[in-house]
Amino acid sequence: MSLFTIAWRSILQRGVASALTCLSMALGVMLVVAVLTIHGVLSKSFYSNASLGYNLIVGAKGGKEQLTLNTVFYLSSPVENISYDYYLEFLKREERAELLKDSLKIRGHEQLWQTAELAAITSSSGLEQLAIQTALAGERKVDVLWNHLDRNGEFGSQCDLVIPVCLGDYYGRFRVVGTTPALFNDLVWDIENNRKYEFAEGRNFQHHSEEHGYFEAVVGAHVAREMGVKLGDQISPAHGAADGHLHERKFTVVGILKGSGTPNDKGVFVNMEGFYLMEDHAKPVDDPRTRAGQPDEPAEKMSEEEMKRRFFERQKLKGQIEREADPDPLPTEQREVTALLIKTEPKQGFFLEGAVNKGKEAQAVAPVAVIVGMFEFLVKPVQWTLLALTSVICVVSGISILVSIYNSMNDRRHEIAVMRALGADRYTVSLVILYEAVLLSLGGCLIGWLLGHLACFLASPIIEVQTGFSIGFHVFGEPYFYPFERVLPSLGERIYFPVEWLIVPALVLLSILVGLWPALSAYRTDVAQSLGK
Amino acid sequence: MLELRDIAKAFTEPGGGRLPILDIPEFVVQTGEQVVLVGRSGSGKTTLLHTIAGISRADRGDIWLDKINLAALSEAGVDKVRADKIGYVFQTFNLLPGFTAYENVLLGMTFVRGRKDPARAHQLLNRVGLAHRSHHKPRALSVGEQQRVAVARALANKPSLLLADEPTANIDPRNQQMIVDLIRETCREENISLLLVTHAPEVAKQFDRVVKLEEVNRATANVDAKEHA
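Residues numbered from 1 in each chain as written. Chains lettered and ligands numbered in written order. Predicted model: local features only at pLDDT ≥ 70, side-chain atom pairs only at ≥ 80, totals over all residues.

1. Let's talk about the overall build of chain A
When you go through chain A residue by residue, the secondary structure sums to 18 helices and 16 strands. When the 533 residues of chain A are sorted by exposure, 41% land in the buried category. For chain A, long-range pairs separated by at least 24 residues make up 77% of all intrachain contacts whose partners lie at least 6 apart in sequence. (Helix = DSSP H or I, 4+ residues; strand = E, 2+ residues; numbered from the N terminus. Buried ≥ 20, exposed ≤ 12 C-beta atoms within 10 Å, placed from the backbone. Contact = placed C-beta atoms within 7 Å.)

Below you can see the structure in the form of structure tokens.
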């Protein structure tokens, strides 16, 4: 019969006390395992969120962290906006040209042309000359403008993908993000697995649809679940704050995102064109040069043209009122964006970041570095504190083993004396006691490990909703332990294992330490005296 | 063969004085000999057995067992000799309650390196008539059966000396004789020296050699003399 068997029988002999001791240890280990597992999942989630699909955020000057929190996680107070013109500097020629169609300048000149054509058609001979002059003036100005505007943006050639976002409104407690369809059509957010955002139901919003005009929205999985949003629902964002006044404009929900574990699960995405058209979203235009139809330089002999232009503008305004359900896009001069999500080649990103930061208009941040920095600075200390607390619980559980065994020593002295009388030496009986402590500890560890992972497994649906990662029954994740990090730096980074693996040896060591006291008591047992009891 | 030479043992009294318990100039038990030790309560019978077994160390003197002087050995050495050469049957059986009868017998072999012999454990249980109860724990056995298991355990290591401390004291008369017979027959069969302590005259009279402890122990002889005076 091995000494382990003797120790095991002794544990069984004191079944209830042993079970309670074991349970106490198991609860401690369960907490450590749960904290470690959730720590691992959070780390994974955090670092996964750092894999955004874009490598730069351009936004208003200010704190890097605030811009990142605001843009990536939809947290913190909204940052200032940057000008739409500045956004255009990140676009290529064709994209700029497309967007500039909504420029007042271009519109103004289009109207100028229309006026001239109309004048040419309707004018009498006296006005014919004027019409021709007007047409020529308009043509000249348009050319001037196109020469100025029809070009690559300053940073356009360095950007592979630019997605503007406009923030500031809320739907319930969730942030409303005005953006372009590119966010879901073009952005590969999970680069490792080449995944774009997927839709659980419906489709992406369109720049303009026959059915809903500019007013389509897509909601994140979490929002849909919490707010009970369904396809076809009409939602009104609140202006400026969760309890701000509701915009009259309603967006029709055309898509519900599949859960991705990213902050986008908690976002409401509306077409940026619609976002601009909501009341209070248009930037006041005070610069006389950018008033509707006003060219950069005053045209010669434009008094009649001015009159006609204004007429057409009024007409247009009227038409706009009549077609309220499908208004014209907001002129670019009245637009702003909160931030730009930019994907570039890594090297280009480095240069672009520097170039933007040199200027006065905006700042560029590399969100991954900011996220990792925030994680290291904010989240990790909290997690380590939790881990330290749960480890203290384990130590207390270890001490409960000591108390349990030590309390049983009075009853067991007789058994120890019998074993001594049968020939067991002092070391042997001490060893039996130590084995008992180790067995209790190992049992507690195993049960605690199983309970910890079972608890995490059962909580997996909730954790998955929050982080996007499902927890299997045996996830060993971060934090990792690098045993040779300081001793052998060359090996240090290659040899590592999850901290969770340390639980068993650490607790066995702890149990040996706490078992030493009762073992010493066994060692000192007076056989003759104890046999007499 | 067991041979005691000039053995002395005293206990410290609460007041700090020394109370002599054993003072035995000479005491010998031959190989295979069966000796019964009698004496009044407190005469040092159990202390003598403990001292021979090395459970208590003598203050003075030599204890020779099979030409090994236990008094000259370290505690670990004495433990080893005890495990290897001495069987002990207690008055209160002292079976470990968490173990079956079979395991209790096996426990007797556990502390001798290379002496695990399950077959002998079964054989001994069979010898004491408890083969059918080998998987019962002590609380499921009668008092007589428990003592029979204790005898089997004491014999597990094929000792050269069996010390039995009032093995029939807690047993009903019918089982008393069975236990005595069992011990004596087994010792005879395996040529084991037997030193049995008893208060029971009917047990003592069955032995060829009966030793009154007071006759060999000067410590208690002096006390007796004082009491008689």
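Structure's up, so let's keep going.
2. Remarks on the overall build of chain B
The secondary structure content of chain B amounts to nine helices and nine strands. Expressed as a percentage of the 229 residues in chain B, the buried residues total 50%. Taking the intrachain contacts of chain B between residues at least 6 apart in sequence as the baseline, contacts between residues at least 24 apart amount to 72%.

3. Observations concerning the sheet that holds strand β6 (residues 86-89) of chain B
Residue and element names in this part refer to chain B. Overall, parallel pairing links the five strands, which are arranged β6-β7-β8-β3-β9 in an open sheet. Each end of this open sheet is capped by a strand with a single partner; those strands are β6 and β9 (209-212). The sheet shows a mean angle of 20° between the axes of neighbouring strands, taken without regard to direction. Looking at chain direction, strand β3 (residues 34-38) and β9 are connected through four bridges and run parallel. (Pairing = 2+ DSSP bridges. Axes fitted to C-alpha atoms, helices over the stretch in contact; angles between N-to-C directions.)

4. Looking at the sheet that holds strand β1 (residues 2-12) of chain B
All names here are of chain B. Spatially, four strands are ordered β2-β1-β4-β5 in an open sheet, and the strand pairing comes out antiparallel. Two strands in the sheet have a free side with no partner beyond their single neighbour: β2 (18-29) and β5 (68-69). Bridge analysis of β1 against β2 gives 10 bridges, and the strand direction is antiparallel. Paired with Leu2 across the bridge in β2 is Val29.

5. Description of the environment of Phe205 of chain A
Looking at the element boundaries, Phe205 of chain A is found in the loop between β7 (199-202) and β8 (216-219). Once the C-alpha coordinates of Phe205 of chain A and Phe184 of chain A are considered, the two residues, 21 residues apart in sequence, prove to be 8.9 Å apart.

6. Regarding the interface of chain B and chain A
By a widely used convention, the size of an interface equals the accessible area lost when the partners come together. Contacts between chain B and chain A engage 21 residues on the former and 15 residues on the latter. Elements represented by at least two residues in the side of chain B that touches chain A include exactly α1 (45-53), α2 (75-85) and α3 (101-110) of chain B. When residues of the side of chain B that touches chain A are assigned to their parent elements, the largest contribution, five residues, is made by α3 of chain B. Residues that form the side of chain B that touches chain A fall into these classes: 12 nonpolar, six polar and three charged. (Nonpolar A, V, L, I, M, F, W, Y, C, P; charged D, E, K, R; others polar.)

7. Let's talk about the confidence of the model for chain A
Interpretation of the predicted coordinates at a detailed level should be avoided for regions scoring low in pLDDT. Residues and elements named next belong to chain A. Per-residue confidence for chain A gives a mean pLDDT of 78; residues scoring 70 or more make up 77%. Predicted confidence for residues 287-302 stays below pLDDT 50, and this span has 23 contacts to residues more than four positions away or in other chains. Considering only residues more than four positions removed or in separate chains, one finds that residues 317-323, a stretch of pLDDT under 50, has two contacts. (pLDDT = per-residue confidence, 0-100.)

8. Considerations on the packing of helix α14 (residues 426-458) of chain A against helix α17 (residues 503-523) of chain A
Residue and element names in this part refer to chain A. For the pair α14 and α17, interaxial distance at closest approach is 7 Å and the crossing angle is 145°. In this structure, α14 meets α17 at a crossing whose hand is right-handed. Considered class by class, the residues forming the contact of α14 with α17 number 19 nonpolar, four polar and one charged. (Left-handed = near helix turned anticlockwise from the far one by under 90°.)

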